[in-house]
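These are the residues of each chain, in order.
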Amino acid sequence: MLEITDLVCGYGNDFCLDKVNITIEEGAFTGIIGPNGSGKSTLFKAIASDIPIRSGSVRLAGKDTTALSLKERARMLSVVTQFQELSPITVEEFVLMGRTPYRGNFQFFNSREDYQIVNYFIELTGITHLRHKRITELSGGEQQMASIASALAQEPKLLLLDEATSHLDITHQIRIMNLLQELNETRGLTIAMIIHDLSLAGEFCSNLVMMKKGKVYDQGTPKEVLTYQNIEAVYETVVVVNSNPISNNPVVFPIAKRRLDECKRSMQPHAEVK
Amino acid sequence: MKQLSSKTLSALILLPLMLLVASMLSLSIGEVEIPFGNILDTLNDPDSMEYAVLKYIRIPRTLLAISIGGSLSLSGVILQGIYRNPLVEPYTLGISGGASLGITFAIVSGLFAMNAVALPIAGFIGAFATIFLVYTLSVRKGMVSISRMLLIGVMISFISSAVVMFLMSITAVENIHGIVFWTMGSLNETNTFLIYGMVIVSLAVLLLSYLFVGPLNVLRLGETKAKHLGINTQTTIRCLFLLTSLLTGTCIAVGGVIGFVGLIIPHVTRLWIGTDYRSLLFASFFSGGIFLLFCDIVARTVIAPNELPIGVITGIVGGIAFIAILSKSSSNSKIM
């Protein structure tokens, strides 16, 4: 679905992305992880053509993104960001915006089909009760659900989510992740999301791309990528990785520095005895 | 499945009615009173003095008030849509200043004396140069900084008025009177070419602006989002800049500097019918026309037989209305 080859991007003289190679198969649910400033958002901006590509290529469904028209691209790709500019329009109007790439240049009114699609996704995302409320009046979690409904109304082949759940409580985070997983499995929607919560990524994503300083550090299944060695190397933080007793997926546990020091100290005498 | 809200429908019916009433008032009030009922009869009686008053004074003036008010308000609403900021309008962005400079240059250099078309063209060039300058200077790393833009707009206004004064100080005395008269803003235009040109330009731009109504609606979610939804934001913004420069340049060439219409009217209209540009564009145009008609009636009646500059009225009425509306609406509700 998405092939990124030797991608180089950057602002000014800094390279934010340095020869990045990523392939996302059709039907994958990929999590992009890495510390702040590792180039995750830049990667998404390059995929969405928000920033120019210096060298390398981004191919979407076999076509170079620079060769696609804006409309063609908008029909294949939709992007959900963490925060976005809001206008006091109703949830229904907001979701209808997702139909823009399918509307003619001089079409003033929405078609019956637009309404059917919008109704479907409003119900699917569970925001039917909010449809006539203004999006500026919604909570963060509800706004994000509306953003996802709008992105889905775009009927994309690839959905990009840039930290779409980072600022939400655990209820909304898991509700959104469940919805994405369902869309991925039942509708075959290809999803790539930037996510900071490693345990959440491990539980829901089918594969992970780990980035460090503008380069891909590792990619593979959550079990392959989420090892304590990888996390220590990329995040420069010591953690414990264990598996979830129900799903058997990797879970990352933080450790307080005090505990770590205590642990090191208690291990010291043993070393001397030996 | 509602396509048009009840507010839009009410605006569709109410605004033309209000415009009709305001026009009738504008035609009947003045030194020579022509009662409402007699307006039609008078028009069929070419020999009467009232006929001459209507034909040569009041009808042109009424048409001018409607088209200038509508145009300024339309420019305001379009610019606010592009920048997603309610403080933006031709006056605050310095576009009026740039247009004034162009027009003063046309008067001083004698271009206007050669052909009246020079005036709107010079206004358009001045307006477009300013809008382009303000936009390119305020964009940094692809982001428009609103505070930078407003400051640059204010600075360009200052520079333009300084250059206008410079031009006035070096020009012949007979030009100065014309420039001063015109900078105060007045609807007392006698050149029929300019009057009908203004009417045609305003109606044409209103129609043309509807080509961009879809993009303007999507731009409410920001430029990046609009691009992700397949809108060619660059082309849209450039075309809209051209249209607003054309409108503002022509308005200023014909009516002088009339401030705040483009700020207040779109604001009030938005509070009334919402932010959907499909109804906002025509509603702003109509409301602007009605507003300026009333301002003009006030301007020529309060100190009759003398006349107040209309810019004075729009400044006072508009400013007070703006503060009143702002303090009434809850501070945290976004209006754009």
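Each chain carries its own residue numbering, running from 1 in the written order of its sequence. Chain labels run from A onward and ligand labels from 1 onward, assigned in the order the entries are written. The predicted nature of this model means local features are confined to residues of pLDDT at least 70 and side-chain atom pairs, given and counted, to a pLDDT of 80 or more, with totals for whole chains, interfaces and linings taken over all residues. Side-chain descriptors were evaluated using all non-hydrogen atoms of the structure, hydrogens and water having been removed beforehand.

S.K.: Please set out the overall build of chain A residue by residue, giving values where relevant.
M.R.: Helix and strand content of chain A: 10 helices and 12 strands. With the C-alpha coordinates aligned to their principal axes, the bounding extent of chain A is approximately 80 × 45 × 35 Å. Working definition: with a 1.4 Å probe on protein chains only, accessible area under 20% of the residue-type maximum means buried, over 50% means exposed, and in between means partly exposed. Counting the 274 residues in chain A, one finds 47% classified as buried. Any two residues whose heavy atoms approach within 4.5 Å are treated as being in contact. By sequence separation, contacts in chain A at least 24 residues apart represent 65% of the contacts at least 6 residues apart. Just so you have it, chain A exposes about 13300 Å², and 50% of that area is on carbon and sulfur atoms. In chain A, 28 side chains carry a positive charge and 32 a negative one; their mean positions are 2 Å apart. Each helix corresponds to a stretch of at least 4 residues labelled H or I by DSSP, and each strand to a stretch of at least 2 residues labelled E; elements are numbered beginning at the N terminus. Using the Shrake-Rupley algorithm and a 1.4 Å probe, accessible areas are obtained, with residue cover drawn only from the displayed protein chains. For the purpose of counting charges, residues Lys and Arg are taken to be positive, whereas Asp and Glu are taken to be negative. His and the chain ends are not included. By convention, the point assigned to a charge is CZ for Arg, NZ for Lys, CD for Glu and CG for Asp.

S.K.: Outline the side chain of A:D162, listing residues and values.
M.R.: Residue and element names in this part refer to chain A. Examined against the element boundaries, D162 turns out to sit in strand β7 (residues 158–162). A pairing counts as a salt bridge when a side-chain nitrogen of Lys or Arg comes within 4 Å of a carboxyl oxygen of Asp or Glu. Of the side chains with opposite charge, K45 comes closest to the buried, unpaired D162, at an N-O distance of 6.5 Å. Polar contact is the term for a pair of N or O atoms within 3.5 Å; when the atoms are in protein, one must be able to donate a hydrogen and the other to accept it, and sequence-neighboring residues count only if both atoms are side-chain atoms. Within the structure, D162 has its side chain in polar contact with the side chain of S41 (distance 3.2 Å). Beyond its immediate stretch of four places on either side in the chain, D162 contacts S41, F44, V80, T81, Q82 and I194.

S.K.: Before we move on, could you go through helix α1 (residues 6–28) of chain B and cite the residues and values that matter?
M.R.: Residue and element names in this part refer to chain B. For α1, spanning 23 residues, the distance from its first C-alpha to its last is 33 Å, which sits close to the expected 33 Å at 1.5 Å a residue. Within the sequence span of α1, burial applies to T8, A11, L15, L19, A22, S23, S26, L27 and S28. Buried positions along α1 lie against α2 (38–43), α3 (49–83), α13 (261–273) and α14 (277–301). Immediately beyond the C-terminal end of α1, within one or two residues, lies G30, with a positive phi of roughly 155°. Here a helix's expected span is defined as the number of its residues, less one, multiplied by 1.5 Å.

S.K.: So what about the interface of chain B and chain A? Which residues, and what values?
M.R.: In this assembly, 27 residues from chain B lie in contact with 28 residues from chain A. Across the chain B/chain A interface, buried area totals approximately 2500 Å², and carbon plus sulfur atoms make up 58% of it. Across the chain B-chain A interface, the total number found is 3 residue pairs in polar contact (both at pLDDT 80 or more). Of all the secondary structure elements, the ones that give two or more residues to the side of chain B that touches chain A are α10 (213–219) and α11 (223–228) of chain B. Accessible area, probed at 1.4 Å, shrinks when two parts are joined; the buried area is that loss added up over both.

S.K.: Describe the pattern of salt bridges, naming the residues involved and giving the relevant values.
M.R.: All names here are of chain A. Per the counting criterion, the structure on display carries 11 salt bridges over all chains. The partner of E92 in a salt bridge is R131, with the nearest N and O atoms 2.8 Å apart. Within this pair, whereas E92 is found in helix α3 (residues 91–97), its partner R131 is found in the loop between α4 (112–124) and α5 (140–153), the two being separated by 39 residues in sequence. For E92, a relative accessible area of 13% translates into the label buried.

S.K.: Give a detailed account of the sheet that holds strand β3 (residues 29–33) of chain A, specifying residues and quantitative values.
M.R.: The strands making up a sheet are joined through hydrogen bonds of the backbone, oriented either antiparallel or parallel. Residue and element names in this part refer to chain A. For two strands to pair, DSSP has to find at least two bridges joining them. Taken together, the 6 strands give an open sheet; going across it, the order is β6-β7-β8-β3-β9-β10, and neighbouring strands pair in mixed fashion. Of all strands in the sheet, those with a lone pairing partner are β6 (77–80) and β10 (215–220), marking the two edges. Recorded for the sheet is a direction-independent mean angle of 15° between the axes of neighbouring strands. The pairing of β3 with strand β9 (residues 207–212) spans 4 bridges and is classified as parallel. Paired with I33 across the bridge in β9 is M210. Under this scheme, a helix contributes an axis fitted over its contacting stretch, all axes are lines through C-alpha atoms, and angles between N-to-C directions fall in the 0 to 180 degree range. Packed onto the sheet, α5 meets β6 and β7 and runs at close to 175° relative to β6.

S.K.: Explain the environment of B:R300 to me, and be specific about the residues and the numbers.
M.R.: Residue and element names in this part refer to chain B. With respect to the secondary-structure elements, R300 resides in helix α14. Residue class for R300 comes out buried when judged on its relative accessible area of 15%. Taking the C-alpha atoms as reference points, R300 and L15, 285 residues apart in sequence, are found 24 Å from one another. With residues near it in sequence (within four places) discarded, R300 still touches S26, I29, G30, R58, R61, N306 and E307.

S.K.: Describe the nonpolar core, naming the residues involved and giving the relevant values.
M.R.: What is meant by a nonpolar core is a set of buried Ala, Val, Leu, Ile, Met, Phe, Trp, Tyr and Cys residues, joined one to another through side-chain atoms within 4.5 Å. The biggest cluster of nonpolar side chains holds 75 residues, and the ones touching the most others in it are B:I68, B:L74 and B:L281. Per-element tally for this core: the top contributor is α14(B), with 12 residues. Sequence-distant contacts of B:L74, defined by excluding residues within four places in its chain, comprise B:V205, B:L206, B:S209, B:L247, B:L281 and B:F285. One finds A:L159, A:L168, A:L189 and B:I231 within the second-largest nonpolar core, a separate group that totals 58 residues.

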